[in-house]
Amino acid sequence: MAEIGIIGTGSMGSMLIRSFIRSGILKPEEITASNRSEEKLLRLAEETGINRAASNRITAEKSGIIFLCVLPDDTEEVITEIKDLITDEKILVSVISDVTTGKITEWTGKTAPIVRVIPSVTSHRLCGISVLSFDALPDDKDRQKIIRLFEAISKPVTVPEAEISAYSDIASSSPAFIAGIMKEFSGAAVRHYGIDQNTADMVVRETFIGTAKLIEHDYSTFESLIADVATEGGITGEGMRVIRENAGELFTAMLKETDRKHKLVSDKFR
Ligand SMILES: NC(=O)C1=CN([C@@H]2O[C@H](COP(=O)(O)OP(=O)(O)OC[C@H]3O[C@@H](n4cnc5c(N)ncnc54)[C@H](OP(=O)(O)O)[C@@H]3O)[C@@H](O)[C@H]2O)C=CC1
Ligand SMILES: O=C(O)[C@@H]1CCC=N1
């Protein structure tokens, strides 16, 4: 495996570093990272044992696979800084939302091998989904290298670049949405029944964890789990009716808003 470079050690960059090391797919000495603010990188390097680079150029020079883990607005500056170091032998992996490979190619000024990946915080636990798009990485060996990395920390799903935003919502934004649903569910129980908030939060949390385990191990469809809980003529069915009547609309409204934001960001970099 080529040396890995990480540019930007915020939430995603640091998650990838910790998870690659925890999974055993990479050793700390195989990773070099740089970040705008020194302090954050210093702490991460001390914690993980990775190589700390004094500049993005050093990271790019040392690495065969270069991960771009900065915000969309900082991307052009980073690419401009390193573009002469990007060769056909290196793979650029962008985890940046809504900046297309077309735009990255324009900024690099050459058709370098580029992969887009939307990782997820669930990879902290070496699970969940990483969404990969190989539209700008034709070489199968290169694709396999990237898939191996993400198989170590998640279940990789490959999609066309045109669909990456849709999958980003249901894979990568999803842990926040699910935590948001848990919070609202618990809050509604507290308001309606007047029960204790901390106890309600604990009950909802443990039940989500249990449900995730059931779905992982015992039930192949959502419907079969619902059928086992919703006793005929019982209580759960009444709640399920309300979910069926309202949740579709709620999630459609939510996805309209995320889609609007994806378009807003990608239009900025068209
Ligand atoms: N958070 C998530 O769950 C996901 C995020 N993404 C994408 O990942 C990208 C990063 O997001 P996230 O990690 O959450 O953001 P963060 O703000 O946590 O991290 C961004 C990092 O980039 C660093 N940075 C900014 N400019 C430069 C530069 N010129 N050179 C080197 N480092 C620089 C920042 O440094 P400093 O310490 O100075 O701020 C910061 O550490 C985004 O484009 C986002 O769309 C994709 C999927 C999931
Ligand atoms: O909220 C964001 O913009 C990023 C993309 C997916 C998850 N977090």
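Residues numbered from 1 in each chain as written. Chains lettered and ligands numbered in written order. Predicted model: local features only at pLDDT ≥ 70, side-chain atom pairs only at ≥ 80, totals over all residues. Heavy atoms only, no water.

Spelled out, the test is: UniProt positions are given in the numbering used here, feature names are shortened, and annotations may be inferred rather than shown by experiment.
The chain is annotated in an unreviewed UniProt entry as Pyrroline-5-carboxylate reductase from Methanoplanus endosymbiosus. Recorded in UniProt for the chain, the comment headed Function (unreviewed entry) runs: "Catalyzes the reduction of 1-pyrroline-5-carboxylate (PCA) to L-proline." Taken from UniProt, the Sequence similarities (unreviewed entry) comment for the chain reads in full: "Belongs to the pyrroline-5-carboxylate reductase family."

**Quick word on the domain arrangement of the chain**
Accessible area lost upon the coming together of the parts serves often as the stated size of an interface. Put simply, the test is: How far each domain reaches was decided by an automatic or database domain assignment. Here, residues are in contact when the closest pair of their heavy atoms is within 4.5 Å. Put simply, buried area is the surface a 1.4 Å probe can reach on two separate parts but cannot reach once they are joined, added for both. Counted as salt bridges are all cases of a side-chain nitrogen of Lys or Arg within 4 Å of a carboxyl oxygen of Asp or Glu. Just so you know the grouping, Ala, Val, Leu, Ile, Met, Phe, Trp, Tyr, Cys and Pro go in nonpolar, Asp, Glu, Lys and Arg go in charged, and all remaining residues, Gly too, go in polar.
The domains assigned to the chain are domain 1 (4-165) and domain 2 (174-268). Between the C-alpha centres of domain 1 and domain 2 the distance comes to 32 Å. Across the boundary between the two partners, domain 1 contributes 8 residues, which contact 5 residues of domain 2. The contact between domain 1 and domain 2 buries some 500 Å² in all, and 58% of this surface belongs to carbon and sulfur atoms. The three residues of domain 1 that bury the most area against domain 2 are Asp73, Asp98 and Ser165, which together make up 71% of that side's buried surface. Where domain 1 touches domain 2, the interface holds 1 salt bridge. Across the pair Asp73 and Lys268 runs a salt bridge whose closest N-O atoms are separated by 2.8 Å. In terms of residue class, the side of domain 1 that touches domain 2 is built from 2 nonpolar, 4 polar and 2 charged.

**So, the environment of Leu132**
This is how it is decided: A run of H or I in DSSP counts as a helix once it spans at least four residues, and a run of E counts as a strand once it spans at least two, with each numbered from the N terminus.
Within the fold, Leu132 resides in strand S7 (residues 129-133). Separated by 36 residues in sequence, Leu132 and Ser168 place their C-alpha atoms 9.9 Å apart.

**A short note on the sheet that holds strand S5 (residues 91-94)**
Here is the rule: Here, any two strands with at least 2 DSSP bridges between them count as paired.
Taken together, 8 strands build an open sheet; the order of strands is S3-S2-S1-S4-S5-S6-S7-S8 and the sheet is mixed. Of all strands in the sheet, those with a lone pairing partner are strand S3 (51-52) and strand S8 (155-158), marking the two edges. Direction of pairing for S7 relative to S8: parallel, over a ladder of 4 bridges. Within S8, the residue paired with Ser130 across the bridge is Pro156.

**Quick word on the site of ligand 2**
The cut-off we apply is this: Any residue with at least one heavy atom within 4 Å of a molecule or strand is counted as near it.
For ligand 2, the full set of nearby residues is Ser97, Ser168, Ser172 and Ser173. When its residues are assigned to classes, the shell around ligand 2 shows no nonpolar, 4 polar and no charged.

**Describing the UniProt feature "domain: Pyrroline-5-carboxylate reductase dimerisation" (unreviewed entry) in the chain**
When the UniProt feature table is mapped onto this chain numbering, "domain: Pyrroline-5-carboxylate reductase dimerisation" (unreviewed entry) sits at residues 161-261. The straight-line gap between the two end C-alpha atoms of residues 161-261 is 17 Å; of that span, 84% is helix and 0% is strand.

**Description of the site of ligand 1**
Condition: For this analysis, a polar contact is any N or O atom pair within 3.5 Å, provided that within protein one partner can donate a hydrogen and the other can accept it, and provided that sequence-adjacent residues contribute only side-chain to side-chain pairs. Method for areas: the Shrake-Rupley scheme with a 1.4 Å probe, in which residue coverage is limited to the protein chains shown.
Inspection of the region around ligand 1 gives 24 residues, with Met12, Asn35, Ser37, Lys40 and Val70 positioned closest. Take Ser37: an N or O atom from its side chain is 2.5 Å from an oxygen atom of ligand 1. If ligand 1 stood free it would expose 910 Å²; the protein chains cover 81% of that surface. Looking at the shell around ligand 1, the elements that each hand over two or more residues are helix H1 (11-23) and helix H4 (72-82). Of all the elements, H4 adds the most residues to the shell around ligand 1, at 4 residues. Classifying every residue of the shell around ligand 1 gives 11 nonpolar, 9 polar and 4 charged.

**Structural notes on the UniProt feature "domain: Pyrroline-5-carboxylate reductase catalytic N-terminal" (unreviewed entry) in the chain**
The UniProt record annotates "domain: Pyrroline-5-carboxylate reductase catalytic N-terminal" (unreviewed entry) at residues 4-96. For the annotated span residues 4-96, helix accounts for 45% and strand for 19% of the residues, and the straight-line distance between the end C-alpha atoms is 17 Å.

**Things to note about the pairing of strand S6 (residues 114-118)**
What counts is decided by this rule: The cut-offs for exposure are 20% and 50% of the maximum accessible area for each residue type, with area from a 1.4 Å probe on protein chains only; residues under the lower value are buried, those over the upper are exposed, and the others partly exposed.
Burial analysis of S6 places 5 of its 5 residues in the buried class, the great majority of the element. The alternating pattern of S6 places Ile114, Arg116 and Ile118 and Val115 and Val117 on opposite faces, both of which are buried. Both S5 and S6 contribute to a ladder of 3 bridges, which runs parallel. Bridging across to S6, Leu92 finds its partner in Ile114.

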